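Fold and geometry: a report
Each chain, letter by letter, is given below.
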Amino acid sequence: MEIKTARFISSYTELSKLPSDQKVELAFIGRSNVGKSSLINMLCNEKKLAKTSSQPGKTQTINHFLINDFWYLVDLPGYGYAKVSKDKREKWGSMIRNYLVKRETLYSVFVLVDSRLEPQKIDLEFINWLGEKEIPFSIVFTKCDKLGKNALAQNLKKYQKKLSEVWVELPPMFQTSSETQQGKEDLLSYFAEILQLES
Ligand code: GTP
Ligand code: MG
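Let us look at the structure shown here. (Residues numbered from 1 in each chain as written. Chains lettered and ligands numbered in written order. Predicted model: local features only at pLDDT ≥ 70, side-chain atom pairs only at ≥ 80, totals over all residues. Heavy atoms only, no water.)

1. Let's talk about the packing of aromatic side chains
- Applying the stated rule across the entire model yields 9 aromatic pairs.
- The interplanar angle of 80 degrees and the centroid separation of 6.0 Å between the aromatic rings of Phe 110 and Tyr 190 together place this pair among those described as edge-to-face. Separated by 80 residues along the polypeptide, Phe 110 in strand 5 (residues 106–114) and Tyr 190 in helix 5 (residues 184–194) bring together distant segments of the chain. Tyr 190 matches Phe 110 in its accessibility class, with the two residues each being buried.
- An aromatic cluster is built from Phe 28, Trp 71, Phe 110, Phe 174, Tyr 190 and Phe 191, whose rings are joined through pairwise contacts. (Phe/Tyr/Trp six-rings, centres within 6.5 Å; stacked < 30°, edge-to-face > 60°. Helix = DSSP H or I, 4+ residues; strand = E, 2+ residues; numbered from the N terminus. Buried < 20%, exposed > 50% of the residue type's maximum accessible area, 1.4 Å probe, protein only.)

Written as C-alpha cells, this is what we have:
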C-alpha cells in the first residue's frame, strides 16, 4: 500500500467524542519516547504530521490521522511515563484500555518496542494483557538503526523466547527505523493485508 494522503483529524481526550464514521482504525501504542510519532511520520512521508519530541510524554491524547481518505491511523499516548501524576496515569490507563477493548472499528494494535532494550516488564505485561483480551496485535521494534545486526538479532530472539514462555503462537513482528525507513514496505503491505486492500 502507498500512503497518498495523511491528514490530522483531531486529538481526543474522551472516547465518546471519537469519530463515528465507522472507518477502520489501526492503533500505535508503546512506552513513552519509543518512537510512535516518528514512525507515523515515516510511514506517511511527512516530517511534522505527528508531533515528536526528545522529551517523553509528548503524546497525551488519542490522535486520529485519516489515511487515503479511507482509514484511521491512531497515535495513542505512551504508557510508562513517570512524570505524570499517578491519578492522571490511572485515568489515562483506563481510558486506553477501554478504547482497546471496546472500539469496534479498531482492527489491530501495533505495540512499539525499543529494539535496544531487554524485554521490559511494562511492555510484556501490556502484550500479555492484549493477548488475554484477544485483541489482535503485532510487535514493531523501533530504532533498529541504533543497533548492529547481531545485537539486534539477539534482542529479537530474547523477545521471542520471553513471549514463548506464555504464548504458543507469536504475533507478527516487524523491524523498523524511522531514520533509515527500514520496515516501511513490510508494515505498509501488512496494513493492506489487514484492511484487505490490494497492496
Ligand atoms: P511520546 O509521544 O512522548 O509517547 O513519544 P513517541 O513514542 O511518539 O516518540 P517520538 O516519535 O516523539 O520519538 C522520541 C525520540 O526518539 C525522538 O527524539 C526521535 O527523534 C527519536 N527516534 C524515534 N524513532 C527513531 C528511530 O527510528 N531511530 C532513531 N535513531 N531515533 C528515533
Ligand atoms: Mg508521540
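2. Structural notes on the sheet that holds strand 4 (residues 71–75)
- An order of 1-3-4-2-5-6-7 is seen for the 7 strands of this open sheet, with the pairing classed as mixed. Each edge of the sheet is formed by a strand with only one pairing partner; in this case those strands are strand 1 (6–12) and strand 7 (173–175). On average, each strand axis in the sheet is inclined to that of its neighbour by 25 degrees, with strand direction left out of account.
- This element, helix 2 (residues 86–102), spans strand 1, strand 2 (25–30), strand 3 (62–67), strand 4 and strand 5 of the sheet and lies at about 145 degrees to strand 2.
- Those strands touched by helix 3 (residues 121–132) are strand 2, strand 5 and strand 6 (137–142), and its axis lies near 160 degrees from that of strand 5. (Pairing = 2+ DSSP bridges. Axes fitted to C-alpha atoms, helices over the stretch in contact; angles between N-to-C directions. Contact = heavy atoms within 4.5 Å.)

3. As for the pattern of salt bridges
- All chains considered together, the criterion is met by 7 salt bridges.
- A salt bridge links Asp 69 to Arg 7; the nearest nitrogen and oxygen atoms lie 4.0 Å apart. Note that Asp 69 is positioned in the loop between strand 3 and strand 4 and Arg 7 in strand 1, a separation of 62 residues in sequence.
- Between Lys 121 and Glu 125 there is a salt bridge, with the nearest N and O atoms lying 3.4 Å from each other. Taken together, the residues span about one helical turn, with Lys 121 and Glu 125 both in helix 3 at a distance of 4 residues.
- Judged by its relative accessible area of 63%, Lys 121 is exposed. (Salt bridge = Lys/Arg side-chain N within 4 Å of Asp/Glu carboxyl O.)

4. Re the environment of Glu 185
- Inspection of the secondary structure puts Glu 185 in helix 5.
- Judged by its relative accessible area of 59%, Glu 185 falls in the exposed class.
- Between the C-alpha atoms of Glu 185 and Met 1, which are 184 residues apart in sequence, the distance is 8.1 Å.

5. What to know about unusual backbone geometry
- Even without glycine at this site, Gln 22 takes up a positive phi of about 70 degrees.
- Along the chain, the position of Gln 22 falls in the loop between strand 1 and strand 2.
- A relative accessible area of 60% places Gln 22 in the exposed class.
- We note that Asn 45 has phi near 55 degrees; this positive angle belongs to a residue other than glycine.
- Its location among the elements puts Asn 45 in the loop between helix 1 (36–43) and strand 3.

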